[in-house]
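# Architecture at a glance
Each chain is listed here by its residues.
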Amino acid sequence: MELRYTGQSPEAEISEQFGNWMEELFDVDEKVVYLDADLMGSLKTQELWKKRPDRVFNCGIQEANMVGVAAGLFLAGYKPFVHSFSPFITRRVYDQVFLSVGYAHKSVHLIGSDAGIMASANGGTHMCFEDVALMRIIPGACIVDVTDSVMFHSLLKETVDWPGVTYFRTPRRGAPDVYKRDTTFNIGQGHILTEGTDATVIASGILVATALEAQKILKAEGISIQVVDPITIKPLDEELVLRCAAETGAVVTAENHNIIGGLGSAVAELLAENHPVPILRVGVCDCFGQTGTVDFLRKEYHLQPEDIAEKVRKVIMLKKER
């Protein structure tokens with residue numbers, strides 16, 4: 001796949017585009033509605049609220065009630081998209097999401113912004129490293145760890161009629177461009193971004209761009225790696241993961257999330273049961289968040305290109321020792 005990734009800042013931040021994307025959905029489908037928990041400034045949807053007060057609802061700082069309202073709107077025939085910061089739309093309202101949406105077989109689209117280290121200066125209480133783990137254990141849930149604005153825009157449209165809980169974890173700003181604008185995305189179908197023979201790196205969200213930087217480091221050393229974006233952590237593209245594991249014989253996962261319960265766990269579980277190969281995980285190692293810049297947090301939690309490259313070197317050694 002041809003990429004336009006340069007390691008630079010995006011042409012336009014997600015927060016600058018999101019309101020336009022929702023308005024596109026409104027224009028295409030009269031049943032789409034948007035709910036927010038008094039955080040419209042974060043995704044810059046205030047103007048959309050003024051233009052479409054019949055389709056945009058500020059539910060205030062009461063996320064549990066907001067999820068209940070979304071469930072009710074679904075019963076009335078609407079297609080709700082619901083936003084708050086990632087810990088508030090998952091951890092804080094988990095019972096409502098699990099029961100009122102998941103268990104009740106309603107279709108509600110949750111958007112959790114500033115996931116993981118992207119919470120930055122908001123600190124440890126807002127730094128959600130457990131949201132994927134929580135969403136993964138809801139039967140039938142769909143989980144998208146947003147790589148860049150092209151993916152997010154495409155999958156917002158793709159999931160309008162997706163049943164059950166859909167969860168987007170997304171940065172608001174600072175996600176480098178990875179995909180060309182005409183790239184197509186499908187639920188449960190991953191993308192191979194670079195071909196390789198020595199190991200496979202399966203990365204999600206902001207760590208996809210990081211994995212591509214690690215690929216450059218390793219290529220200079222004569223090490224050839226596949227970089228794979230699963231697109232959805234759940235449903236996972238099991239066929240692709242198993243095929244890549246068989247081709248390279250070694251796997252590294254990389255995610256802006258706790259290594260427990262997230263992408264790394266999903267891939268490790270699949271491989272353990274179906275095609276055991278050496279696997280190592282890059283991610284947050286069972287600890288809480290803290291305040292800091294994104295650059296500081298990447299170093300603190302070992303989420304840099306060199307961290308991925310080092311795990312690749314180790315997993316290749318493990319493969320050779322088998």
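To be clear, the structure that these remarks concern was listed above.
Since the model is a prediction, treat every value here as computed from it, not as a measurement.

### Observations concerning the packing of helix 1 (residues 14–28) against helix 7 (residues 149–158)
Viewed as axis vectors pointing N to C, helix 1 and helix 7 meet at an angle of 20 degrees, and their least axial separation amounts to 11 Å. Comparing their axes, helix 7 and helix 1 come out roughly parallel. Judged by the twist between their axes, the crossing of helix 1 over helix 7 is right-handed. Contact with helix 1, carried on its side by Ile14, Gln17, Phe18, Trp21, Glu24 and Leu25, involves Ser149, Phe152, His153, Leu156 and Lys157 of helix 7 and no other residues of that element. When the residues that make up the contact of helix 1 with helix 7 are grouped by side-chain class, the tally is 6 nonpolar, 3 polar and 2 charged.

### Observations regarding the pattern of salt bridges
Using the criterion set out here, one finds 16 salt bridges in the structure. With its nearest N and O atoms 3.4 Å apart, the salt bridge here joins glutamate 47 to lysine 50. Remark: lysine 50 and glutamate 47 occur in helix 2 (residues 46–51); sequence separation between them is 3 residues, near one turn of the helix. For lysine 50, a relative accessible area of 63% translates into the label exposed. A salt bridge links aspartate 131 to arginine 169, with the shortest nitrogen-to-oxygen separation between them at 2.9 Å.

### Looking at helix 10 (residues 263–274)
Taking 1.5 Å per residue, 12 residues should reach 16 Å; helix 10 reaches 17 Å between its end C-alpha atoms and fits that length. Leu263, Gly264, Ser265, Ala266, Val267, Leu270 and Leu271 are the residues of helix 10 that are buried. On its buried face, helix 10 is in contact with helix 6 (131–136), strand 8 (199–203), strand 10 (232–234), helix 9 (238–248), strand 11 (251–258) and strand 12 (279–284).

### Observations concerning helix 9
The set of residues buried in helix 9 consists of Leu240, Val241, Cys244, Ala245 and Thr248. All buried residues of helix 9 fall inside an arc of 130 degrees around its axis, so they share one side. Those residues of helix 9 hidden inside the fold are in contact with strand 7 (191–194), strand 8, strand 9 (225–229), strand 11, helix 10 and helix 12 (305–321). Backbone geometry just after helix 9 places glycine 249 at a positive phi near 75 degrees.

### A look at the sheet that holds strand 2 (residues 56–58)
The 7 strands lie next to each other as 2-1-3-4-6-5-10, forming an open sheet whose pairing is mixed. Two strands close off the open sheet at either side, each with one partner strand: strand 2 and strand 10. With strand direction ignored, the average angle separating the axes of adjacent strands in the sheet is 20 degrees. Pairing of strand 3 (residues 79–85) with strand 4 (residues 108–113), which is carried by 5 bridges, proceeds in the parallel orientation. Each bridged residue has a counterpart across the sheet, and for histidine 83 the counterpart in strand 4 is isoleucine 111.

### Structural notes on the packing of helix 3 (residues 63–75) against helix 5 (residues 94–103)
Packed helix pairs are characterised by how far apart their axes lie and by the angle those axes make with each other. Interaxial distance between helix 3 and helix 5 falls to 10 Å at its minimum, and their mutual angle equals 10 degrees. In terms of orientation, helix 3 lies roughly parallel with respect to helix 5. Where helix 3 abuts helix 5, its residues Ala64, Val67 and Ala71 lie against Gln96, Val97, Ser100 and Val101.

### Describing the sheet that holds strand 8
If you trace the 5 strands from one edge of the open sheet to the other, you get 7-9-8-11-12, paired in mixed fashion. A single partner strand is all that each edge strand has here, and the edge strands are strand 7 and strand 12. Across this sheet, the average inter-strand angle for adjacent strands is 25 degrees, counted without regard to direction. When strand 11 meets strand 12, the two strands line up parallel, connected through 5 bridges. Counted as the bridge partner of asparagine 258 is valine 284 from strand 12.

Reading the values: rules and limits
Residues numbered from 1 in each chain as written. Predicted model: local features only at pLDDT ≥ 70, side-chain atom pairs only at ≥ 80, totals over all residues. Heavy atoms only, no water. Axes fitted to C-alpha atoms, helices over the stretch in contact; angles between N-to-C directions. Helix = DSSP H or I, 4+ residues; strand = E, 2+ residues; numbered from the N terminus. Parallel < 35°, antiparallel > 145°, perpendicular 65-115°, else oblique. Left-handed = near helix turned anticlockwise from the far one by under 90°. Contact = heavy atoms within 4.5 Å. Nonpolar A, V, L, I, M, F, W, Y, C, P; charged D, E, K, R; others polar. Salt bridge = Lys/Arg side-chain N within 4 Å of Asp/Glu carboxyl O. Buried < 20%, exposed > 50% of the residue type's maximum accessible area, 1.4 Å probe, protein only. Expected span 1.5 Å × (residues − 1). Arc of directions from axis to C-beta. Pairing = 2+ DSSP bridges.

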